[in-house]
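Analysis of the macromolecular model
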Amino acid sequence: MPSKLILVLSGPNLNLLGQREPGIYGKATLDDHVATAREAAAAAGYEVEHLQSNHEGALIDAIHGARGRAAAIVFNPGAFTHYAHALADALAAYDGVVVEVHLSNPAAREAWRRTSVIAPVATGTIAGFGGTGYRLAVEAALSVLEDAAP
Ligand code: DHK
């Protein structure tokens, strides 16, 4: 039976959303964004599992655990986006759809944020739309899955 699970992964400092630099990341909490993702997924009969971690290894373990189990990963890797090659390697070994999501638009910020080591192993990236990005990311994943369905 094809998987009806989407794994939403959140990297470092995203547990502080709502309190952390609200002018950049908004006032909504991570729970709010996960609820948005869950709602978008439920509309298509998918479930969302969520993990936030400030530790790269825990995120790698979660990606390994998604192999053969989750149809898609919606991933905001936080600052790991810009240098965590081990996360990119883990995603390269994952066979489902990967949507990289950012609340802000890193391309319009500091130079060090303009590189993503995740983008080359993602199916696509959504950035700069705040919390709406979580709905867009789930919808993008669902659209790719639907196109690939037999
Ligand atoms: C979140 C972070 O924590 C930053 O390190 C990234 C990303 C951008 C976001 O916009 O969601 O550079």
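Everything below is about the structure shown above.
These remarks concern the structure in this document. (Residues numbered from 1 in each chain as written. Predicted model: local features only at pLDDT ≥ 70, side-chain atom pairs only at ≥ 80, totals over all residues. Heavy atoms only, no water.)

Turning to the environment of Leu30, a few remarks are in order. For Leu30, the position within the fold is in helix H2 (residues 30-42). Residue Leu30 is classed as buried on the basis of its relative accessible area of 9%. Between the C-alpha atoms of Leu30 and Gly18, which are twelve residues apart in sequence, the distance is 7.6 Å. Sequence-distant contacts of Leu30, defined by excluding residues within four places in its chain, comprise Ser10, Leu14, Asn15, Leu17, His50 and Gln52. (Helix = DSSP H or I, 4+ residues; strand = E, 2+ residues; numbered from the N terminus. Buried < 20%, exposed > 50% of the residue type's maximum accessible area, 1.4 Å probe, protein only. Contact = heavy atoms within 4.5 Å.)

Further remarks concern the sheet that holds strand S3 (residues 72-76). Working definition: the strands of a sheet are paired by backbone hydrogen bonds and lie parallel or antiparallel to each other. In spatial order, the strands read S2-S1-S3-S4-S5; together these five strands make up an open sheet with parallel pairing. In this open sheet, the two edge strands, each paired with only one partner strand, are strand S2 (47-52) and strand S5 (124-127). Strand-to-strand twist of the sheet, defined as the mean angle between neighbouring strand axes without regard to direction, takes the value 20°. Direction of pairing for strand S1 (residues 5-10) relative to S2: parallel, over a ladder of six bridges. Bridging from a neighbouring strand, Leu7 pairs with Glu49 of S2. With respect to the sheet, H2 is in contact with S1 and S2, its orientation differing from that of S2 by roughly 155°. (Pairing = 2+ DSSP bridges. Axes fitted to C-alpha atoms, helices over the stretch in contact; angles between N-to-C directions.)

In this structure the tally under the stated criterion is four salt bridges. In this structure, Glu110 and Arg109 form a salt bridge, with 3.8 Å as the shortest nitrogen-oxygen distance. Of the charged contacts, one joins Arg113 and Glu110 as a salt bridge, the two residues approaching to 2.7 Å between their closest N and O atoms. Residue classification places Arg113 among the buried residues on the basis of a relative accessible area of 13%. By sharing partners, the salt bridges in this structure join Arg109, Glu110 and Arg113 into a single network. (Salt bridge = Lys/Arg side-chain N within 4 Å of Asp/Glu carboxyl O.)

Turning to the site of the ligand, a few remarks are in order. As a matter of local geometry, the ligand sits amid Arg20, Tyr25, Asn76, Gly78, Ala79, His82, His102, Leu103, Ser104 and Arg113. Contact distances for the ligand include 2.9 Å between an oxygen atom and a side-chain N or O atom of Asn76. Between an oxygen atom of the ligand and a main-chain N or O atom of Leu103, the distance comes to 2.8 Å. If the ligand stood free it would expose 310 Å²; the protein chains cover 99% of that surface. (Near = heavy atom within 4 Å. Polar contact = N/O pair within 3.5 Å; in protein donor to acceptor, adjacent residues only side chain to side chain. Areas by Shrake-Rupley, 256 points an atom, 1.4 Å probe, with all protein chains shown as cover.)

Looking at where Asn76 falls in the secondary structure, it is placed in strand S3. Owing to a relative accessible area of 4%, Asn76 belongs among the buried residues under this scheme. Polar contacts involving the side chain of Asn76 include one to the main-chain amide nitrogen of Gly78, which spans 3.0 Å. The residues touching Asn76, leaving out its near neighbours within four places in the chain, are Leu9, Ser10, Gly11, Leu14, Val101, His102, Leu103 and Tyr134.

Most of strand S4 (residues 97-102) sits inside the fold, with six of its six residues counted as buried. Both faces of S4 are covered, namely the face carrying Val97, Val99 and Val101 and the face carrying Val98, Glu100 and His102. The pairing of S3 with S4 spans four bridges and is classified as parallel. Bridging from a neighbouring strand, Phe75 pairs with Glu100 of S4. Once you follow S3 into helix H4 (residues 85-92) and on to S4, the crossover reads as right-handed. Bridge count for S4 against S5 is four bridges, and the pairing is parallel. (Right-handed = clockwise from strand over helix to strand, strands pointing away.)

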